Amino acid sequence: MDADAAKRLAAQAAADLMPEEGVIGLGTGTTTRFFINEVGRLVGEGRKFSAVPTSRRSRELATSLHIPLLDDSGPWSIDVCVDGADEVSTELDLIKGGGGAQTREKIVNRHSRQNVIIVDESKLSRRLGEKRAVPVEVVVFGHRATAAALSRFGDASLRFAADDPFVTDSGNYIYDVETGPISDPVELEEEFRHLPGVIETGLFCGRADVVIVAGAGGVELWHRDGRRMPAGAR
Ligand code: 5RP
């Protein structure tokens, strides 16, 4: 199965978990785009959803699909947020921010009663950091000084979009920090966040209630309490 087919299946399984009506957090990324399309289809069929997008790109797609959207200011009462991830550990901790949206994603995640993460199986690893660097969003002022502090944890590279530094929706830069396998992601997140200039990290520890994994073996729901079941089973 190719990655896009797996992403679509995970997104469809997430759509099946949605309440009859309510407020949905919309993550960012290629997997989440499949999910937003599913929500658009459900709204077209008459389901009463409104949504909080986590990026301009997700807002644009949702708008084009006529999904009613709440404004960016909050507060919101979000029933469930569906988002992607770049890496998922066996503890269901996450690295996010490959699309540069981790700050908004973390805010929406925190204000959602349930968080569902959708991934293809290529995102799975034993320990975070085995496959991906940790994206850290920093303020532009003094960013090279902040990067020097970040480099204590691994090589820290400023993210670029073509010839210029990538700028997040909130006007900041991102450094991707090559930590290698992380033994204590909670502690590392704390350490990053104590550095002046750091806005947010892509480490999401204990923030996934359900991870939907799609791959050659089918689609499975991995619950925080350790249960694993095929999609569709109740
Ligand atoms: C964006 C994210 C994405 O959810 C993450 O990068 C996964 O993206 P994709 O579904 O395209 O692989 O965290 O900031």
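The rules we used
- Residues numbered from 1 in each chain as written.
- Predicted model: local features only at pLDDT ≥ 70, side-chain atom pairs only at ≥ 80, totals over all residues.
- Heavy atoms only, no water.
- Near = heavy atom within 4 Å.
- Polar contact = N/O pair within 3.5 Å; in protein donor to acceptor, adjacent residues only side chain to side chain.
- Areas by Shrake-Rupley, 256 points an atom, 1.4 Å probe, with all protein chains shown as cover.
- Helix = DSSP H or I, 4+ residues; strand = E, 2+ residues; numbered from the N terminus.
- Expected span 1.5 Å × (residues − 1).
- Buried < 20%, exposed > 50% of the residue type's maximum accessible area, 1.4 Å probe, protein only.
- Disulfide = S-S within 2.5 Å.
- Domains from an automatic or database assignment.
- Contact = heavy atoms within 4.5 Å.
- Buried area = accessible area lost by both parts, 1.4 Å probe.
- Nonpolar A, V, L, I, M, F, W, Y, C, P; charged D, E, K, R; others polar.
- Pairing = 2+ DSSP bridges.
- Axes fitted to C-alpha atoms, helices over the stretch in contact; angles between N-to-C directions.

## Digging into the site of the ligand
- Taken together, 17 residues lie near the ligand, and Thr 30, Thr 31, Asp 86, Gly 97 and Lys 123 sit nearest.
- A distance of 2.9 Å is found between an oxygen atom of the ligand and a backbone nitrogen or oxygen belonging to Thr 28.
- Coverage of the ligand by the protein chains reaches 92% of its 370 Å² of free accessible surface.
- Elements supplying a minimum of two residues to the shell around the ligand: helix H2 (30–44) and helix H4 (102–110).

## Remarks on H2
- The first and last C-alpha atoms of H2 sit 21 Å apart over 15 residues, in line with the 21 Å expected at 1.5 Å per residue.
- Along H2, the positions that sit buried rather than exposed are Thr 31, Thr 32, Phe 34, Phe 35, Ile 36, Glu 38, Val 39, Gly 40, Leu 42 and Val 43.
- Positive phi shows up at Gly 46, right after H2, with a value of about 105°.

## Some words on the state of the cysteines
- Across all of its chains, the model carries 0 disulfides by this definition.
- Free of any disulfide, Cys 81 has its nearest neighbouring cysteine sulfur in Cys 205, separated by 16 Å.
- Among the residues examined, Cys 205 registers a relative accessible area of 16% and is labelled buried.

## Re the domain arrangement of the protein chain
- Under the domain assignment used here, the protein chain contains domain 1 (3–121 + 205–217) and domain 2 (134–199).
- Taken over C-alpha atoms, the centre of domain 1 sits 24 Å from the centre of domain 2.
- Contact residues are listed per partner, giving 14 residues for domain 1 and 14 residues for domain 2.
- Both sides together, the interface formed by domain 1 and domain 2 hides about 1100 Å², and carbon and sulfur atoms give 45% of it.
- Its largest share of buried area at the contact with domain 2, domain 1 owes to Gln 102, Thr 103 and Cys 205, together 36% of the area lost on that side.
- Applying the counting rule to domain 1 against domain 2 returns 7 residue pairs in polar contact (both at pLDDT 80 or more).
- The leading source of residues in the side of domain 1 that touches domain 2 is H4, at 4 residues.
- Residue composition of the side of domain 1 that touches domain 2, by class: 2 nonpolar, 7 polar and 5 charged.

## What to know about the sheet that holds strand S7 (residues 134–138)
- Read from one edge of the open sheet, 4 strands run S8-S11-S7-S12, paired in antiparallel fashion. The open sheet is flanked by strand S8 (155–158) and strand S12 (198–201), the only strands paired with a single partner. If you compare each strand with its neighbour and ignore which way they point, the axes differ by 30° on average.
- For S8 and strand S11 (residues 173–178), the ladder comprises 4 bridges, and the chain directions are antiparallel. Directly across from Asp 155, in S11, lies its bridge partner Glu 178.
- Along the sheet, H4 contacts S7, S11 and S12; its crossing angle with S12, the most-contacted strand, is approximately 65°.

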